[in-house]
Amino acid sequence: MTTPSAATPSTASGQAHGPAAPAQPGAPGGRRGSLGPVGLVLAGGISVQFGGALAVTLMLRAGALGVVTLRLLVAAVVLMVLCRPRLRGHSRADWGTVIVFGVAMAAMNGLFYQSVARIPLGPAVTLEVLGPLALSVLASRRAVNLVWAALALAGVFLLGGGGFSGLDPLGVAFALAAGAMWAAYIVFSARTGRRFPQADGLALAMAVAAVLFLPLGVLESGTKLLDPTTFALGAAVAVLSSVLPYTLELLALRRLPASTFAILMSLEPALAATAGFLVLDQALAATEAAAIALVIAASMGAVRTQVGRGRARKSAGGS
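Draft legend 1. Focus on the overall build of the protein chain. Each helix and strand in the protein chain was counted, giving 11 helices and 0 strands. Reading the protein chain from its N terminus to its C terminus gives the helix and strand order α-α-α-α-α-α-α-α-α-α-α. Across the 319 residues that make up the protein chain, the buried fraction comes to 52%. Long-range contacts, defined as pairs at least 24 residues apart, comprise 89% of the intrachain contacts of the protein chain with a sequence gap of at least 6. Only carbon and sulfur atoms are counted for the fraction: they give 68% of the accessible area of the protein chain, which is about 13,400 Å².

The structure is reproduced here in structure tokens:
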């Protein structure tokens, strides 16, 4: 789940934060040079969702908490080796921020995987994205965002069949809670990015998340985590859902306008539904597909509104 700012919704189920500052709309690589970065973002989104689908199959071997533990642990090791962040020279406030970021990351992943253990991947991601969407609507405080909020609520109503009778209520609750943690993740990922250079804060936060989740994974899965096949599949989930998307999005954010990036990320529920269908044979009913489309439209609309507001401010300041 990458997000360029605390006020911009993003929807990747897992959850990546690109440490590089996104390009401005007028910067090089905007329109003509955006095909490459767009491809990187889409590839990252596909990687995240198919990694999530693989994680669902792995839950039969290691349980939801065990899968999260393997994903966070492997991703933390890889990022710490690649980034080699400095451990000295940081203030108490710096460490407080990165620790809260790690807690939010651990909670977001744990709750989401508990959700997909109970409900299909597409609806789970759709419900989870309501957290970042709500954050964007509240941050903007514009009347038009009430339209996007209503559109998203209509999608949720359709997704639940009028009362979530077709979905496991506990799975729905976990997905909504994961969305709330995603919103917290966005806020603290932005704060961490301002306090730590490059991806150092991300690597440290991932290590915090892995340490926090390790006892839960051991408690649920025990020695199953040491099984070579299980560990290898867990490492694949970590690469697909964390390491590879982080890298691709980091490269894309150097050349892609933040508004374009956020709109592309709004397609994540559709990618999740596709991955669920192809890997897990989770077909969507017509109402569920319509619900996902409504939430995607609401997310894109909120992004466009936020971008329009930013441009209006720039115009007013330059006149």
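Draft legend 2. Looking closely at the nonpolar core. Within the largest apolar cluster, 63 residues are counted, with the highest numbers of intra-cluster contacts made by Met105, Phe112, Tyr113, Leu121, Tyr185 and Met206. Take this core: its biggest share by element is 16 residues, from helix α1 (residues 35-83). Leaving out residues up to four positions away in the same chain, Met206 has contacts with Leu72, Ala75, Ala76, Leu79, Met105, Ser242 and Tyr246.

Draft legend 3. Fine view of helix α7 (residues 200-221). Taking 1.5 Å of rise per residue, 22 residues should cover 32 Å, and α7 covers 30 Å from first to last C-alpha, within 8% of that figure. At Phe213, α7 is bent by approximately 35°, the largest bend along its length, and proline Pro215 sits one to four residues beyond. Positive phi shows up at Gly222, right after α7, with a value of about 55°.

Draft legend 4. Here's a closer look at the pattern of salt bridges. Evaluation of the coordinates by the stated rule reveals 2 salt bridges. Across the pair Asp94 and Arg195 runs a salt bridge whose closest N-O atoms are separated by 2.7 Å. Of the two residues, Asp94 sits in helix α2 (residues 92-116) while Arg195 sits in helix α6 (residues 169-195), which places them 101 residues apart along the sequence. Note on Asp94: relative accessible area 10%, which makes it buried.

Draft legend 5. Geometry of unusual backbone geometry. In the Ramachandran plot, Arg84 falls in the positive-phi region, its phi being about 45° despite a non-glycine side chain. Secondary-structure assignment places Arg84 in the loop between α1 and α2. Arg84 gets classed as exposed once you look at its relative accessible area, which sits at 69%.

Draft legend 6. Region of interest: the packing of α2 against α7. Closest axis-to-axis distance for the α2/α7 pair is 8 Å, and the angle between their directions is 55°. In terms of their interaxial angle, α2 and α7 are classed as oblique. Considering only the axes of α2 and α7, their crossing is right-handed. Taken together, the residues of α7 that come into contact with α2 (itself represented by Trp95, Val98, Ile99, Phe101, Gly102, Val103, Met105, Ala106 and Gly110) are Gly201, Leu202, Leu204, Ala205, Met206, Val208, Ala209, Leu212 and Phe213. Residue composition of the contact of α2 with α7, by class: 15 nonpolar, 3 polar and no charged.

Draft legend 7. The arrangement of helix α10 (residues 268-280) in detail. Along its 13 residues, α10 runs 17 Å from first to last C-alpha, staying within 8% of the 18 Å computed at 1.5 Å per residue. If you check which residues of α10 are buried, you get Glu268, Pro269, Ala272, Ala273, Ala275, Gly276 and Leu280. Buried residues of α10, viewed axially, fall in a sector of 165°; they line one side.

Draft legend 8. Spatial organisation of the packing of aromatic side chains. Taken as a whole, this structure holds 2 aromatic pairs when the rule is applied. Both rings, one in Phe101 and one in Tyr185, keep their centres 5.1 Å apart while their planes meet at 50°; by these two values the pair is tilted. Of this pair, Phe101 sits in helix α2 while Tyr185 sits in helix α6, and the two are 84 residues apart along the sequence. As far as the burial class goes, Phe101 and Tyr185 line up, both buried. Aromatic side chains Phe112 and Tyr113 sit 5.9 Å apart centroid to centroid with 85° between the ring planes, which places their arrangement in the edge-to-face category. For Phe112, a relative accessible area of 1% gives the class buried. Here the guanidinium or amino end of Arg191 rests over the ring plane of Phe188, the centre of that ring lying 4.9 Å away.

Draft legend 9. Spatial organisation of the environment of Trp182. Relative to the elements of secondary structure, Trp182 occurs in helix α6. We classify Trp182 as buried; its relative accessible area is 0%. Sequence separation between Trp182 and Phe112 is 70 residues, and the spatial gap between their C-alpha atoms is 9.7 Å.

Draft legend 10. Spotlight on the environment of Leu204. You can see Leu204 is positioned in helix α7. Residues Leu204 and Leu79, spaced 125 residues apart in sequence, show a C-alpha to C-alpha distance of 8.5 Å. Here Leu204 is in contact with Met80, Pro85, Arg86, Leu87, Trp95, Val98 and Phe196, once residues within four sequence places are set aside.

Draft legend 11. Structural view of the side chain of His90. Within the secondary structure layout, His90 lies in the loop between α1 and α2. On the accessibility criterion, His90 (16% relative accessible area) is buried. Within polar-contact distance, the side chain of His90 engages the backbone oxygen of Arg86 at 2.8 Å. Beyond its immediate chain neighbours, meaning those up to four positions away, His90 contacts Trp95 and Phe196.

Conventions and cut-offs
- Residues numbered from 1 in each chain as written.
- Predicted model: local features only at pLDDT ≥ 70, side-chain atom pairs only at ≥ 80, totals over all residues.
- Heavy atoms only, no water.
- Helix = DSSP H or I, 4+ residues; strand = E, 2+ residues; numbered from the N terminus.
- Buried < 20%, exposed > 50% of the residue type's maximum accessible area, 1.4 Å probe, protein only.
- Contact = heavy atoms within 4.5 Å.
- Areas by Shrake-Rupley, 256 points an atom, 1.4 Å probe, with all protein chains shown as cover.
- Core = buried A, V, L, I, M, F, W, Y, C linked by side-chain atoms within 4.5 Å.
- Expected span 1.5 Å × (residues − 1).
- Bend = angle between axes of the 7 residues up to and from the residue.
- Salt bridge = Lys/Arg side-chain N within 4 Å of Asp/Glu carboxyl O.
- Axes fitted to C-alpha atoms, helices over the stretch in contact; angles between N-to-C directions.
- Parallel < 35°, antiparallel > 145°, perpendicular 65-115°, else oblique.
- Left-handed = near helix turned anticlockwise from the far one by under 90°.
- Nonpolar A, V, L, I, M, F, W, Y, C, P; charged D, E, K, R; others polar.
- Arc of directions from axis to C-beta.
- Phe/Tyr/Trp six-rings, centres within 6.5 Å; stacked < 30°, edge-to-face > 60°.
- Lys NZ or Arg CZ within 6 Å of the ring centre and 35° of its normal.
- Polar contact = N/O pair within 3.5 Å; in protein donor to acceptor, adjacent residues only side chain to side chain.

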